[in-house]
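# Structural description and commentary
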Amino acid sequence: METSQEIEASYFLSYYERLRAAWDITLASPLTFISLCFFPALGILLIWTMSWPTTSNTFWDYLLVSSCFGFVPSMFLWNAYRTHRASRAKGPYIYRFNAAGVHVSTRTTQLTHLWPGILRVRERRGILFLYFTKRCAHCVPLRALTTPGASAAIHQFAVAGGVPRVGT
């Protein structure tokens, strides 16, 4: 493979892709997933206490239970929406992959991650994740990689650059 080869991807993530990417990153961390289960578990506990024959349930009890079940999904959706709006305001993301690393640019920023600074590269459900920390990743939809074999070439760049974990 030539060192001068460069792969470019320019895109806007759709809201659905952003939700899917956020969910995949969340599922990659068991501790985060367990912490997301706190409020639904609290809702189950409240339902259990409300079923006792000695309690009288009011409107506020039912509202609290529904809030416990709705809090995490609504915050997940809201956070993805805010992130989506903020990234749309910056313009399209332009990623360039080469033997040196990953170069990201928008209208307002330019960033370079050298391959040794990337912890993990993986593909999941149509999105290429380039983790630069355990819980933060660049998310590039595979639809934006228009060159045939671009995904395999990026994986080869990552392996040659010394990324510890490369795979699906």
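Look a little higher up for the structure.
All values reported here derive from a predicted model rather than from experimental measurement.

About the cut-offs
- Residues numbered from 1 in each chain as written.
- Predicted model: local features only at pLDDT ≥ 70, side-chain atom pairs only at ≥ 80, totals over all residues.
- Heavy atoms only, no water.
- 1 Å grid on protein atoms, 1.4 Å probe; cavity = no way out; pocket = protein on both sides within 12 Å on 5 of 7 lines; lining within 4 Å.
- Points joined across faces, edges and corners; volume = space filled by probe spheres on them.
- Helix = DSSP H or I, 4+ residues; strand = E, 2+ residues; numbered from the N terminus.
- Nonpolar A, V, L, I, M, F, W, Y, C, P; charged D, E, K, R; others polar.
- Pairing = 2+ DSSP bridges.
- Axes fitted to C-alpha atoms, helices over the stretch in contact; angles between N-to-C directions.

### Some thoughts on the layout of surface pockets
Its volume calculated, the largest pocket comes out at about 780 Å³. When contributions to the lining of the largest pocket are tallied by element, the ones reaching two or more residues are helix 1 (15-27), helix 2 (30-36), helix 4 (59-90), strand 2 (93-97) and strand 7 (137-141). Taken together, the residues of the lining of the largest pocket break down into 21 nonpolar, six polar and three charged. The volume enclosed by the second largest pocket comes to roughly 240 Å³. Lining the second largest pocket are Ile 25, Ala 28, Ser 29, Pro 30, Leu 119, Arg 120, Tyr 131, Thr 133, Lys 134, Arg 135 and Arg 165. Looking at the lining of the second largest pocket, its residues break down into five nonpolar, two polar and four charged.

### Notes on the sheet that holds strand 7
Read from one edge of the open sheet, four strands run 7-6-5-8, paired in mixed fashion. Every other strand in the sheet has two partners, leaving strand 7 and strand 8 (165-167) as the edge strands with one partner each. On average, each strand axis in the sheet is tilted by 20° relative to the strand beside it, whichever way the strands run. Pairing between strand 6 (residues 127-131) and strand 7: five bridges, direction antiparallel.

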